Amino acid sequence: MLDTSDPLTIGIIGSLIGIIGSLIGGFFSLLGAYCANRAQQKRDRDNDKKIIDGTLQAIHAEIEIVYDHYMSMIGKLLESSCESKPFLFYFPIYNEYFSIYNNNAYMIGNISDDELRQQIVKTYISAKSLMDTYHLNNKLLLDYNYYKKCSSTDDNYKIHYLD
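Residues numbered from 1 in each chain as written. Predicted model: local features only at pLDDT ≥ 70, side-chain atom pairs only at ≥ 80, totals over all residues. Heavy atoms only, no water.

## Remarks on the packing of aromatic side chains
With the rule as written, the count across this model stands at seven aromatic pairs. Between Phe 87 and Phe 89 the ring centres are 5.2 Å apart and the planes differ by 45°, which places this aromatic pair in the tilted class. Note on accessibility: Phe 87 and Phe 89 belong to one class, buried. Residues Phe 91 and Tyr 134 carry aromatic rings whose centres are separated by 5.2 Å and whose planes lie at 70° to one another, so their mutual orientation is edge-to-face. (Phe/Tyr/Trp six-rings, centres within 6.5 Å; stacked < 30°, edge-to-face > 60°. Buried < 20%, exposed > 50% of the residue type's maximum accessible area, 1.4 Å probe, protein only.)

Laid out in structure tokens, this is it:
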């Protein structure tokens, strides 16, 4: 049996109680830090998801608005045009219409759906390529108009300028 009157025994018991108390306190401190870290990681993931969802909604709105504008301005004319005749419509493109995409392109890599991410990039590349095509068509129309003025008065090949 332990002699509780012995100062050495009392010191050892006190030290053991102190060590056990420190271990229990340390365990609960570690557990608390772990739980706090997990909660912060969940908040971060939720916040990242909200940011990505907001970016996707903005991209969707941008594509929809640009497409509607395009169709109302020239898209329907192009669809109804005859392939065997030149497309004699000057479509002014002066602005960068994809500000949401361009300013948030870094967010595209954070989209977890591979197919969606690929379709977004493909859509914008196609749209920008179409803009390049209209720029080229506009340049060719200006050249065409210059040479046509010199040689003909035929209104069948008159360039139509869209506002």
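## Points about a nonpolar patch on the surface
A cluster of nonpolar residues, Leu 8, Ile 12, Leu 16, Ile 19, Ile 20, Leu 23, Ile 24, Phe 27, Phe 28, Leu 31 and Tyr 34, forms a patch on the protein surface that exposes about 1100 Å² of accessible area. Along the chain, Leu 31 turns up in helix 1 (residues 7-80). Judged by its relative accessible area of 37%, Leu 31 is partly exposed. (Patch = residues over 30% accessible without salt bridge, like charges linked within 9 Å, V, L, I, M, F, W, Y side chains within 5 Å. Areas by Shrake-Rupley, 256 points an atom, 1.4 Å probe, with all protein chains shown as cover. Salt bridge = Lys/Arg side-chain N within 4 Å of Asp/Glu carboxyl O. Helix = DSSP H or I, 4+ residues; strand = E, 2+ residues; numbered from the N terminus.)

## Observations concerning the nonpolar core
With 19 residues, the main nonpolar core has Ile 74, Phe 91, Ile 120 and Tyr 134 as its most contacted residues. For this core, the elements supplying multiple residues, two or more each, are helix 1, helix 3 (105-108) and helix 4 (114-151). Apart from the residues within four sequence positions on either side, Phe 91 is in contact with Tyr 70, Met 73, Ile 74, Tyr 134, Asn 138 and Leu 162. (Core = buried A, V, L, I, M, F, W, Y, C linked by side-chain atoms within 4.5 Å. Contact = heavy atoms within 4.5 Å.)

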